[in-house]
Amino acid sequence: MAVKTVRDLDLKNKKVLVRVDFNVPLKEGKITDDTRMQRALPTLKYVLEQEGASLIVMSHLGRPSTDREPELSMSQLSGHLAEISGAKVVMAPDVVGDEVKALADNLNAGEILLLENTRYYKEEKKNDPAFAEKLASLGDVYVNDAFGTAHRAHASTEGVTKYLPSAAGFLMEKECEFFDKVLENPEKPMVAIIGGAKVSSKISVLESLLDKCDTFVIGGGMAYTFLKTKGKSIGNSLFEEDYLETAESFLKKAEAQGTTVILPMDHVVASEFSESAAPEAVDSEDVPEGKLAMDVGPKTVEAVKAKIAVAKTVVWNGPMGVFEFDAFSKGTEQVANFVADCAGTTVVGGGDSVAAVNKFNLGDKIDHVSTGGGASLEYLEGKALPGVVALKK
Ligand code: AMP
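Keep in mind that this is a model prediction, so the values were computed, not measured.

### Here we look at the nonpolar core
One finds Leu 115 and Phe 226 to be the most contacted residues of the largest nonpolar core, which totals 69 residues. Broken down by element, this core gets its largest block of residues, six residues, from helix α6 (residues 170-184). Counting residues domain by domain, this core receives three or more from each of domain 1 (6-173) and domain 2 (187-380). Contact partners of Leu 115, with chain neighbours within four places excluded, come to Leu 17, Ile 56, Val 57, Met 58, Met 74, Met 91, Ala 92, Asp 94, Val 95, Val 100, Leu 135 and Leu 138. The next biggest cluster of nonpolar side chains, apart from the first, holds 31 residues, and it includes Leu 41, Ile 84, Ile 112 and Phe 170.

Below, the structure written as structure tokens:
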């Protein structure tokens, strides 16, 4: 869905209200990973470069309870924001209210006003119109660069667009561009690699991509429900009985339309789910009694490699195994490397596959590593994201 972008807005002499995803990890008040702040920087810098423009920046941080937990205060980010933006940052004592309004009104060109945690107000998640209007009253135009919360219709992501001219920031634009490209007009052949723990959380993605893909790779714990429908032994591997029929019907549909589905054909198993468990190779589709599959084996990896090597489009969501445990991370690491080496368009979305890509330092070799876990999953499921819909042309 084509969205309006920050370039489409007249920003001259404007106060620009920008929703970012500054939901960064903190330890004792210190930012331990500023990736999310860095990803929003191009939009913030672009606004500050426009003649007479100033910025009002807002984000949620963590999940505050009804109390204003000080450890979730945005004030912990203001110093770092000043450092990376090179601009003067004024820290607001609140999200809305007279004092904040006065600070916004008195903001000078080139300065940033950083609002408090939007989730200090329960009205934020309720998408309360009065709260959204108060937020909107702080700026002249609105820019949303928070893809990570675009699947939620909150006051700062959706409600506010009803009161101000609105557009997407550069990060949001890139996320939409890549997902639209692979979903609406993918270059063929297209390979979807879907892994992770549960069929239940990925079945909608599989269904939504069924008509688009030439090959599916199904790995991770979810693969074992599929193998079970094919009459294979799965030992103590992850299994969702309630999804047996769904898995069977998916495989039948894929077969009927000539779509290849690669399931694990060999495994790395263990006797227990533990980091210190000894890995054992199993050169068979069947998992031995008493063992649980923790990773895919080398034959499976070779089959996946052959498909990725010739793919023009690759979408990846979910690891091939328990990649957090080094002894069971090989399958995911190798697949991640094939994706990185693929000459086609490569998109990785979903929290754990992104974590895997980062663990193996491959982020720079992939065309698009999404910043939104839940949002990217819903995009791939073919759902309309309220935060994106609100910015459409
Ligand atoms: P998801 O969030 O659904 O993408 O699932 C990711 C999680 O699935 C990761 O924490 C992996 O450790 C886990 N996982 C992947 N493969 C397996 C497996 N064979 N058995 C158990 N858990 C797995």
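### Here's the deal with the side chain of Arg 119
Position of Arg 119 relative to the elements: it lies in the loop between β6 (112-114) and α4 (122-125). Despite being buried, Arg 119 has no salt bridge partner; Glu 124 is the closest side chain of opposite charge, sitting 5.1 Å away. Contacts of Arg 119, omitting those with residues within four sequence positions, involve His 60, Gly 62, Arg 63, Pro 64, Glu 124, Lys 125, Thr 149 and His 154.

### A short note on the domain arrangement of the protein chain
If you check the domain split of the protein chain, you get domain 1 (6-173) and domain 2 (187-380). Listed per partner, the contact involves seven residues of domain 1 and 10 residues of domain 2. Here domain 1 meets domain 2 over a buried area of about 650 Å², counting both sides, of which 61% is carbon and sulfur. Per-residue buried area on domain 1 facing domain 2 is highest for Arg 39, Phe 147 and His 151; these three make up 74% of the total on that side. Between domain 1 and domain 2 we count zero salt bridges in total. Put simply, domain 1 and domain 2 have one residue pair in polar contact (both at pLDDT 80 or more) between them. Across the side of domain 1 that touches domain 2, the residue classes break down as two nonpolar, two polar and three charged.

### A short note on the pairing of strand β12 (residues 267-270)
Side chains His 267 and Val 269 project from β12 onto one buried face, and the interleaved Val 268 and Ala 270 project onto a second face that is buried too. Where β12 meets strand β14 (residues 292-296), four bridges bridge the pair, whose relative direction is antiparallel. If you follow His 267 over to β14, its bridge partner there is Val 296.

### Considerations on the packing of aromatic side chains
This model, assessed by the stated rule, comprises eight aromatic pairs. Seen from their ring centres, Tyr 121 and Phe 131 are 5.0 Å apart, and the 25 degrees between their planes marks the pair as stacked. With Tyr 121 in the loop between β6 and α4 and Phe 131 in helix α5 (residues 129-136), the pair connects residues that are 10 residues apart, well separated along the chain. Between Phe 216 and Phe 250, the aromatic rings sit 5.3 Å apart at their centres with planes inclined by 80 degrees, giving edge-to-face as the arrangement. Highlighted residues: Phe 216 in strand β10 (residues 215-218) and Phe 250 in helix α9 (residues 244-256), separated in sequence by 34 residues. With respect to class, Phe 216 is no different from Phe 250; both count as buried. These aromatic residues form a ring-pair network of at least three members: Phe 147, Phe 179 and Tyr 379.

### Things to note about the site of the ligand
Taken together, 16 residues sit near the ligand, with Ala 197, Lys 202, Ala 293, Glu 324 and Asp 352 positioned nearest. Here a nitrogen atom of the ligand and a backbone polar atom of Gly 221 are 3.1 Å apart. When the ligand is considered free in solution it has 500 Å² of accessible area, and contact with the protein chains removes 81% of it. Secondary structure elements with two or more residues in the shell around the ligand: α7 (199-209) and β14.

Calculation criteria
- Residue positions are given per chain, counted from 1 along the sequence in the order it is written.
- With pLDDT at 70 or above as the cut-off, local features in this predicted model cover only qualifying residues; side-chain atom pairs require 80 or more to be listed or tallied, and sums for whole chains, interfaces and linings still use all residues.
- Hydrogen atoms and water are omitted, and side-chain values are computed over all heavy atoms in the structure.
- Buried Ala, Val, Leu, Ile, Met, Phe, Trp, Tyr and Cys residues form a nonpolar core when they are joined through side-chain atoms within 4.5 Å.
- Burial classes: relative accessible area under 20% of the type maximum marks a residue as buried, over 50% as exposed, and values in between as partly exposed (1.4 Å probe, protein chains only).
- Secondary structure elements follow DSSP: runs of H or I of four or more residues count as helices, runs of E of two or more count as strands, with numbering from the N terminus.
- For the domain bounds, the source is a domain assignment made automatically or taken from a database.
- Should any heavy atoms of two residues lie within 4.5 Å, those residues are counted as being in contact.
- Neither His nor the chain termini are counted; the positive set is Lys and Arg, and the negative set is Asp and Glu.
- Basic side-chain nitrogens of Lys or Arg form a salt bridge, by our definition, when they fall within 4 Å of a carboxyl oxygen of Asp or Glu.
- By convention, the term buried area covers the 1.4 Å-probe accessible surface removed from two parts as they join, with the contributions of both added.
- Counting of polar contacts relies on pairs of N or O atoms within 3.5 Å, with two restrictions inside protein: one atom must be capable of donating a hydrogen and the other of accepting it, and residues adjacent in sequence are counted only when both atoms are side-chain atoms.
- For this classification, Asp, Glu, Lys and Arg are treated as charged, while Ala, Val, Leu, Ile, Met, Phe, Trp, Tyr, Cys and Pro are nonpolar and the rest, including Gly, are polar.
- Strands were regarded as paired on the criterion that DSSP finds at least two bridges between them.
- Note on aromatic pairs: the rings of Phe, Tyr and Trp (six-membered ring only in Trp) are paired at centre separations within 6.5 Å, and the planes decide the class, stacked below 30 degrees, edge-to-face beyond 60, tilted for the rest.
- Being near a molecule or strand, for a residue, means having at least one of its heavy atoms within 4 Å of it.
- Here the accessible surface of atoms and residues is derived via Shrake-Rupley with a 1.4 Å probe, and residues count as covered only by protein chains that are part of the display.

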